[in-house]
Structures are given as C-alpha cells and as structure tokens.
Amino acid sequence: MGTSEREMAWLMDEYSKAYGMTVNGVVTGKPLVLGGSLGRKEATGRGVMTAAISAMEKLRINPYRATAAVQGFGNVGSHAAALLQERGVKVVAISDVTGAYYNENGLDIEKAMQYRDQHKGQLEGFEGATKISNEELLALPVDVLVPAAKEDVITDDNAGSIQAKLIVEGANGPTSASADEIINDKGIMVVPDILANAGGVTVSYFEWVQNRIGYKWTLDRINRRSDRAMKDAFDKVYATSQEYNVSMRIAAYMVAIKKVADTYKFRGGY
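Position labels on residues start from 1 in each chain and follow its written sequence. Whole-chain, interface and lining totals are the exception, using all residues; otherwise, since this is a predicted model, local features are given only for residues with pLDDT of at least 70 and side-chain atom pairs are given and counted only at 80 or more. In computing side-chain values, all of the structure's heavy atoms are included and hydrogens and water are not.

Asks: Just give me the short version of the pairing of strand β1 (residues 67-71), but keep the residues and values in it.
Replies: Counting buried residues along β1, 5 of its 5 residues qualify, which places the element largely inside the surrounding structure. A two-sided burial pattern is seen for β1, the buried positions comprising T67, A69 and Q71 on one face and A68 and V70 on the other. Here, a strand pair is defined by DSSP locating no fewer than two bridges between the strands. In this text, helices come from DSSP runs of H or I with a minimum length of four residues, and strands from runs of E with a minimum of two, each type numbered from the N-terminal end. Relative to strand β2 (residues 90-96), β1 runs parallel, the two sharing 5 bridges. Bridged to Q71 within β2 is S95. For each residue, the accessible area found with a 1.4 Å probe, counting protein chains only, is set against the maximum for its type, and the residue is called buried under 20%, exposed over 50%, and partly exposed in between.

Right, dumping it as structure tokens:
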C-alpha cells in the first residue's frame, strides 16, 4: 500500500547491492527500464473490469445498457471505471476523498482522470457532474457498484440501502463481515476482493516470469493472458458457488483451500 514504481526500484536496488548483481525478479511493480512489465499499472483495475463483465454475463446484464458507480478514483478505481466505460458500461458516479461526482447521463472518465492528474490527484472542482456524498454514491440505483477505496465502506449501517445488482470489490475488504449477510439476503451478487482485484498480482507474476526468462512480452499478450486468467478464476468460483449454494466469497475460499489441500495430499504432507 502507498508504494509506486519508485519504491519498488529502491527495493530492487538494495537487494541487488547485497547480492552483488542486478536481480530484477526480487520485486514486481518496477519501472519498465528496470524490468517492469507493460500493463502492470492498470492491471488491478483491468481485473476488476474482467470480473465485472464475467459476472454481468451470468446475471444477464447487458453492458451497453448497464450503469455503474465507482467509489474511489485512485489507480484501481480510475482504471476500472475507464475500462468498464470502454466496454459500453455507463459510469454515472465516481468519488475520492473530496466527495462523489454524479451525472445520470454518464461521466467522461478520461477527462476526469486528466483533471485529477492536473489537480494534485484530487477531483475537487471537477465540472460536468453534481457533487454528492460517498454514502449517496453507494446507494445509487445502478447495476454495478465498485468499492475501490478502502476497507469497511459497506457496513450493516448502509448495506440495506444498496440498490446495485452486482458489487465488485476493487479494494481490500470493502465489505464488513456484518454487512455480508445483509447483502446476500438482498440477493446481490458480490465478486469478492480475493478474486476481483487479483489482476494486479496476476500481472506481477507475469513480470516475474519475464524477468526470469529475460524477455519482454507485448501489452496485447499480457492483457490477453491476464483476461483469460481472471475469466477462468471467475468461472471456477462461480461454478463452486452454484454447486454448493454458497456466496461467491465463500466459494472463493473453498477454491483456494482446496488447492492447498490437494497440494498437501499429492505431496504426502503431514
């Protein structure tokens, strides 16, 4: 949390000094010139988009007729919003620490990202939208809600007011444990953080692979492989949730634990 390419470069450099040679693969998220990967910056947001589109297919929500609200406009939220819009979804609300910004006709996400970058990383004063509160954003009547800011923004206090058909968790732990039951009882599908925001670590793995083989992949290849990995993971978790009649969050835990259990079984662990 709170790190960028610069800090990853520092970590790589310090390790390399101790090792006596350049070791690119010790950390990921590095600058391109130091062995970083194309597509890494937007990878987490891209994974959120892929998970959202996959879930919309299961719920039979047409992206070109769908609306979305994205809470949080940092690296994850902004790229998720931009990529959802690219897929035809109308993003009607975004937010950051200064508040939320709503336009029922849809926001220009690229313009919002440019404005943010030109104004010290904040959306304060962004035109073309009505300013509302973050709480109001969470309760908007949208098809897709993407909490992509911080933990515990959806709680038992506000879960009952959520009207979205689908929640895709871009942040880590944005839904409190006490709110989970309320959300499930309302029949809202939640793509949990352990699945939805895994695009970042997936492309980090790709970065490590590229460092190991000493060869850079194209952006198109990285995006195709990332999208396939996220889609396959979603399908596996969804199938488990249907088979055992559990939430997507529980299903994700079941899939993960089974991988560990199977590994121990085949290796003869005790």
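The rest of the description comes next.
Asks: Could you give an account of the layout of surface pockets, naming the residues involved and the relevant values?
Replies: Approximately 360 Å³ is the volume attributed to the second largest pocket. Lining the second largest pocket are 14 residues; nearest its centre among them are L195, A233, V237, V255 and K259. Secondary-structure elements contributing two or more residues to the lining of the second largest pocket are α7 (193-196), α9 (219-244) and α10 (248-267). Among the elements that take part in the lining of the second largest pocket, α9 stands out by supplying 6 residues, more than any other. Each residue gets one of three labels, nonpolar for Ala, Val, Leu, Ile, Met, Phe, Trp, Tyr, Cys and Pro, charged for Asp, Glu, Lys and Arg, and polar for the others, Gly among them. Residue composition of the lining of the second largest pocket, grouped by class: 10 nonpolar, 1 polar and 3 charged. Cavity: a set of points on a 1 Å grid over the protein atoms alone where a 1.4 Å probe fits but cannot get out. Pocket: an open set with protein on both sides within 12 Å along at least five of seven lines, its lining residues, like those of a cavity, having an atom within 4 Å of a point. Grid points are joined across faces, edges and corners, and a volume is the space filled by probe spheres set on the points.

Asks: Please provide a residue-by-residue account of the pattern of salt bridges, values included.
Replies: Within this document, salt bridges are pairs made up of a side-chain nitrogen of Lys or Arg and a carboxyl oxygen of Asp or Glu, the two lying within 4 Å of each other. Tallied over the entire structure, the rule returns 15 salt bridges. The partner of R46 in a salt bridge is D227, with the nearest N and O atoms 2.8 Å apart. Of the two residues, R46 sits in helix α2 (residues 43-59) while D227 sits in helix α9, which places them 181 residues apart along the sequence. Residues participating in the shared-partner salt-bridge network are E169, D180, D193 and R249.

Asks: Residue-level account of a nonpolar patch on the surface, with values.
Replies: Nonpolar side chains collect at one region of the surface, where Y15, Y19, M21 and V26 lie side by side and expose about 410 Å² of accessible area between them. Mapped onto the fold, Y15 is located in helix α1 (residues 5-19). Patch criteria: residues need more than 30% relative accessible area and no salt bridge. Like-charged residues are merged within 9 Å; nonpolar side chains of Val, Leu, Ile, Met, Phe, Trp and Tyr are merged within 5 Å. Methods summary: accessible areas were calculated by the Shrake-Rupley approach with a probe of 1.4 Å, and residue burial reflects only the protein chains presented.

Asks: Tell me about the pairing of strand β3 (residues 99-102), and name the residues and values.
Replies: Pairing of β2 with β3, which is carried by 4 bridges, proceeds in the antiparallel orientation. Bridge pairing in β3 places I94 opposite Y101. The hairpin formed by β2 and β3 contains 2 residues between the paired strands. In the sheet, β3 pairs with strand β4 (residues 130-132) via 3 bridges, with the strands oriented antiparallel. By the bridge assignment for β4, A100 is matched with I132.

Asks: Outline the nonpolar core, listing residues and values.
Replies: Here, nonpolar core means buried Ala, Val, Leu, Ile, Met, Phe, Trp, Tyr and Cys residues that are tied together by side-chain atoms lying within 4.5 Å of each other. Core analysis: the largest hydrophobic core is formed by 46 residues, its most contacted members being I94, V168 and V191. For this core, the element with the highest residue contribution is α2, accounting for 7 residues. The contact criterion used is simple: two residues touch if any of their non-hydrogen atoms lie within 4.5 Å. Setting aside residues up to four positions removed in sequence, V191 forms contacts with A51, A55, L166, I167, V168, E169, A196 and F234.

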